[in-house]
Amino acid sequence: MKNRNLYSQPDQRAKRFRHFEMQVCHTDCYFDSFLTGSAGSPGVCKVKSLWQPQYGWVLVCLFFLSCFGSISYGQKKSVYNMFLEEPVPANGSEVLFNAPVLRWPFQKGKKTTYDVQLSLNSSFEHNTTLSAERLSGAIYNPHQALAKGIWYWRYRVTGKAWSAVHHFIITDKTLPMVSPTAERFLASVPEQHPRILANGKMDKLTSVIGSPEAKTILAEAEHALTRSLYTEADAQPVVKGFNEEQDKKILSDAIVALGNDVYKMILPLCQSYLLTGKTAYKDKAIAMAMEVARWDPEGVSGSRDFTDGMCMYNMALVYDTFYDDLSISDRQTLQKAIGVRLAKFYNSWVNNIESKVLSGHVWQLILNEFFKSALALYGHDSAASVWLSYGYELFLARSPILGGADGGWGEGASYFQMNMETLVEIPALIRQYTGFDFIKSHPWYEQQADWLIYHFPPLSSADGYGDNTEDLHRPPPSYASFAVVMAKLMQNGKYAWYADQLIKHQQPDLSKEPVLRWYRIKYTGHLSMPAIANPQSFPMGYLSKETGIAALHTTLANTKSDVMITMRSSPFGAYGHILADQNTFNILAGGKRLFYRTGYKVAMDDPHRLKWSKHTRSINGILINDEGQPYSIESNGYFSRFLQGGQLAYMKGNANNAYQSVETREDHGLSKFERHTVLLKPGIIVIYDELEAVNDASWSWLIHSLKSMKLDTLHNQFTAMIDDWKGTGRLWSSQPFSWNITDTFLVPAVVYRNYSGMLTKKYENTQWHLKATNRQKNRQQRFLAIIQVDKNGTVAGFREIGKEKGITRVTLGDWEIEAALSTDLAPRLQIRSAERKTAFTAYGDAFNFLGKTYKGNIANSSKLVELLNGQMSLKEAGDQLLPPIR
């Protein structure tokens, strides 16, 4: 089927583009991780590390109330902007970490410096005040534990007037996070080399030479010996595209590939030399590094930041590994070449990156390379202390930049792989030199196990959020590597279960997996795995509110029989590799994609990505007047409610601000979009949407499938199948609607990046897209979708029962579902099963079930009643507010 008329309006946006559960008295914790200034700041007290490996959730109701007050669905305030616009922490917020890091809006100018004062006294009396002067970035970390109480702080551009006074609160629940000062870290760096791959020459690595990982590394080094040295001339495209823009991307790929090829030569040579002492490895590595040192840092190798960083790091590996064996001349040449590239990165980052919401390449790879390269030069280049201090403070203050204290990763499962080594290796070096364990101090590392398990289960496709997740049909070996490392470091049984499942069922060859391979040899090879967690104890759902993603499962412990629904409603708008997908869902069955987002990330600026795969139209969401969400960090959402029990799990997303952005000058007039999503065992999904606009509007409800979909317009019923799984859904609405179904993208995906070094692509341009749009424009609209997912086609029939104006009642299996569709009625969604002794209501102060009335303590709360340990129990959740800036 071809339908060329679907979504025919021009896309102006493309032209502009260049484990939390809210129950009674439960709330999310606030991740107050910010960035500090440069080393040597006057007035910063030096103290010993006071960290303790304590965990637990912090109640921060005070922060939410004081910072955000009451947020109605018309509120347009963004959580994140491209750069920080308001000082944090402030407004009497209760911070997560002690010591907190202070941040404020930066002022442009590479020579701009700042002063800051922090005190228990709002008058900033000298004997009670911590201060720092001439900070190079708009950040300050006191690096010491603060006393409990209210703390006041202010800042200024050096020589100008002080800001208003801000305040925050330290309580006995604030988590300890006292990192050593940058001065102490630098003082702990040993004089001897190597520092990057080994801790000096006394670090004996020959004992691990018999491990599978070491054998693979040695084989890679032997192969490297047979290769000719790479030159800048090797950065040449091997194919041509179909137009000028594609040719530019192919050239960029070739330049990045050059850096990667050199790295794949130098790294195993350096590692193999440390394992064996074989001179041939040293000689080849030095020859390759000296060749790179001759390359112009402002030329081809410096024209792409990935290649620039890789060249810097490749030379640093050789400089550090063979420091004592290099001639004075070679050492000086390498030192100068490394320093030029370090200075270039530092000068482009300082007083900028600390305040920017995200700079993807920096946090994926380049910060790790920058940190290690500066470490190699420390003590030899006078500027290295500034570079290394900056990298140290930047990491401690902002990491994990795309994950909150409750786990998760903002750019999704594919790009998380590119951050794994940075998140693990920098903390390892800090702990090695100072004893401070960032990984055990920060709750994200513990909670990330849940994100792995729920959003990318063993033998399953990923949750569908973020660029390139279309390529992930099961967790790749990098995930097994990360899980093994974290299981051993954290002694966390959930990581151990995840790693065990991947290794047992997917059988990855970890010796050939480069991600964290050397780390596994050096840091965790001697550690034992903890006891595996019992998957039967895993609840149905997981929510990372700070990242804004959630997943619900029927049988999490067994992917082959599992029904999974994921949803995203995030403080992070569509920025970087994040898609325009607030309040959208994906449904997987048996780990396969049943109702799932469509399209491909061909390239960042590719027309197919800009007009389809990044756009809301490609995802299971909502369009208003055929418009999706702006491509802006400001177009945010959040989860306002979350409840789960043994038979039912519920999440409510708020995307009221997702269709507008000051940054992109877009406002599509949507004022309310609240989506209620419920998963019922054994595999029924209920989706109830409340929509409002400033003016009368067309509302389009979207659902997609990678395989053929069938539509029954008489019963408003649609069906999709994947292998032996079948999904059958029915849609109801407050107003009559029309269907449109097509198997064609608005802009086709064109393969042109198929060559060595790139993942081989095959784009299926036949994917299925279903849209239901109201026939008459209106300000308010409601949709109710019920989708049954089952194996072998054993789908029960939908049966509508009862007659009441504006109310729809449906039975499906042993579940009864009732929803108010008329916009003249108050919103209502009630679900019950007498057989399962389970009932739910999305709203209300009282709820009747099986002859008993249940009343909660929260006005108009969502309520879940279920049989628990022989007694009927009640859980409830009221609306929670936007999570704060971290």
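Attention here is on the structure that accompanies the text. (Residues numbered from 1 in each chain as written. Predicted model: local features only at pLDDT ≥ 70, side-chain atom pairs only at ≥ 80, totals over all residues. Heavy atoms only, no water.)

**Concerning the overall build of the protein**
Just so we agree on the cut-off: Helix and strand labels come from DSSP, where a helix needs a run of H or I of at least four residues and a strand needs a run of E of at least two; each type is numbered from the N terminus. Using a 1.4 Å probe on the protein chains alone, a residue whose accessible area is under 20% of its type maximum counts as buried, one over 50% counts as exposed, and one in between counts as partly exposed. Under the convention used here, a 1.4 Å probe and the Shrake-Rupley method define accessible areas, while residue burial counts only the protein chains that appear. Under this rule, positive means Lys or Arg and negative means Asp or Glu; His and the chain ends count for nothing. Charge positions come from single atoms, namely NZ of Lys, CZ of Arg, CG of Asp or CD of Glu.
Broken down by element type, the protein carries 18 helices and 37 strands. If you line up the protein on its principal axes, its C-alpha atoms span 90 × 65 × 55 Å. Scored against the burial criterion, the 886 residues of the protein give a buried share of 64%. Split by element, the accessible area of the protein, about 31,800 Å² in all, is 50% carbon and sulfur. The positive charge centre, built from 95 side chains, and the negative charge centre, built from 85, are 2 Å apart in the protein.

**Section: the sheet that holds strand 8 (residues 166-170)**
As a reminder, the rule being used: Strand pairing requires that DSSP identify at least two bridges connecting the strands.
Taken together, the 5 strands give an open sheet; going across it, the order is 1-8-7-4-5, and neighbouring strands pair in mixed fashion. In the strand order of this sheet, the two ends are held by strand 1 (93-94) and strand 5 (129-135), each with one partner.

**A word on the sheet that holds strand 14 (residues 592-595)**
Formally: For every element, the axis is a line fit to its C-alpha atoms; helices are fit only across the contacting stretch, and the angle between N-to-C directions ranges from 0 to 180 degrees.
Spatial strand order, 10-11-12-13-14: 5 strands in an open sheet with antiparallel pairing. The open sheet has two edge strands, strand 10 (541-544) and strand 14, and neither has a second partner. Averaged over all pairs of adjacent strands, the angle between strand axes in this sheet comes to 20 degrees, irrespective of strand direction. Summarising the sheet, strand 12 (residues 563-568) and strand 13 (residues 584-589) pair through 6 bridges and their orientation is antiparallel. If you follow I565 over to strand 13, its bridge partner there is I587.

**A closer look at helix 8 (residues 328-349)**
An α-helix turns once per 3.6 residues; consequently, residues spaced three or four apart project the same way. Rule in force here: One less than the residue count of a helix, multiplied by 1.5 Å, gives the span that helix is expected to have. Pairs of residues are marked as contacts when any of their non-hydrogen atoms sit within 4.5 Å.
Taking 1.5 Å per residue, 22 residues should reach 32 Å; helix 8 reaches 31 Å between its end C-alpha atoms and fits that length. Listed in full, the buried residues belonging to helix 8 are L334, Q335, A337, I338, G339, R341, L342, F345, Y346 and W349. Looking at the buried residues of helix 8, the elements they touch are helix 6 (279-293), helix 7 (305-321), helix 9 (360-377) and helix 10 (384-398).

**Some points on helix 9**
Spelled out, the test is: Fitting axes to the seven residues ending at a residue and to the seven starting there, one defines the bend at that residue as the angle between these axes.
Across its 18 residues, helix 9 extends 25 Å between first and last C-alpha, which sits within 8% of the 26 Å expected from 1.5 Å per residue. Along its length, helix 9 reaches its greatest deviation from straightness, about 55 degrees, at I366. Counting buried positions over the 18 residues of helix 9 gives 16, a clear majority of the element. Count one or two residues on from helix 9 and you reach G379, which has phi positive near 90 degrees.

**Focus on the packing of helix 10 against helix 12 (residues 420-434)**
Heads up, the rule is: Any angle from 65 to 115 degrees is called roughly perpendicular, while one under 35 is roughly parallel, one over 145 is roughly antiparallel, and all others are oblique. Crossing chirality is assigned from the near helix's rotation relative to the far helix, an anticlockwise turn below a right angle marking it left-handed and a clockwise turn marking it right-handed. All amino acids are sorted into three groups, where Ala, Val, Leu, Ile, Met, Phe, Trp, Tyr, Cys and Pro are nonpolar, Asp, Glu, Lys and Arg are charged, and the leftover types, Gly among them, are polar.
Here helix 10 crosses helix 12 at 120 degrees, and the two axes come no closer than 11 Å. Compared by their axis directions, helix 10 and helix 12 come out oblique. Crossing of helix 10 over helix 12 shows left-handed handedness. Contacts between helix 10 and helix 12 pair Y392, F395 and L396 from the former with T422, L423, I426, P427 and I430 from the latter. Tallied by class, the residues present in the contact of helix 10 with helix 12 amount to 7 nonpolar, 1 polar and no charged.

**What about the pattern of salt bridges?**
Rules: Salt bridge criterion: a side-chain nitrogen from Lys or Arg within 4 Å of a carboxyl oxygen from Asp or Glu.
Taken as a whole, this structure holds 29 salt bridges when the rule is applied. The partner of E245 in a salt bridge is K248, with the nearest N and O atoms 3.6 Å apart. With E245 and K248 both in helix 5 (residues 244-276) and 3 residues apart, the pair spans about one turn of that helix. When its relative accessible area of 45% is taken as the criterion, K248 is described as partly exposed.

**A word on unusual backbone geometry**
Backbone geometry follows two general trends: most residues other than glycine have a negative phi, and most peptide bonds adopt the trans configuration. Omega for the bond connecting V88 with P89 falls within 30 degrees of zero, at -5 degrees, which places this linkage in the cis form. Along the chain, P89 turns up in the loop between helix 2 (61-68) and strand 1. With a phi angle near 50 degrees, Q491 is a residue other than glycine that sits in the positive phi range. Following the sequence through the fold, Q491 ends up in the loop between helix 15 (477-490) and helix 16 (493-506). Looking at Q491, the relative accessible area reads 44%, which means it is partly exposed. The backbone phi angle of L850 is positive, close to 55 degrees, even though this residue is not glycine.

So far we have only geometry, and geometry alone does not tell us how the molecule works.
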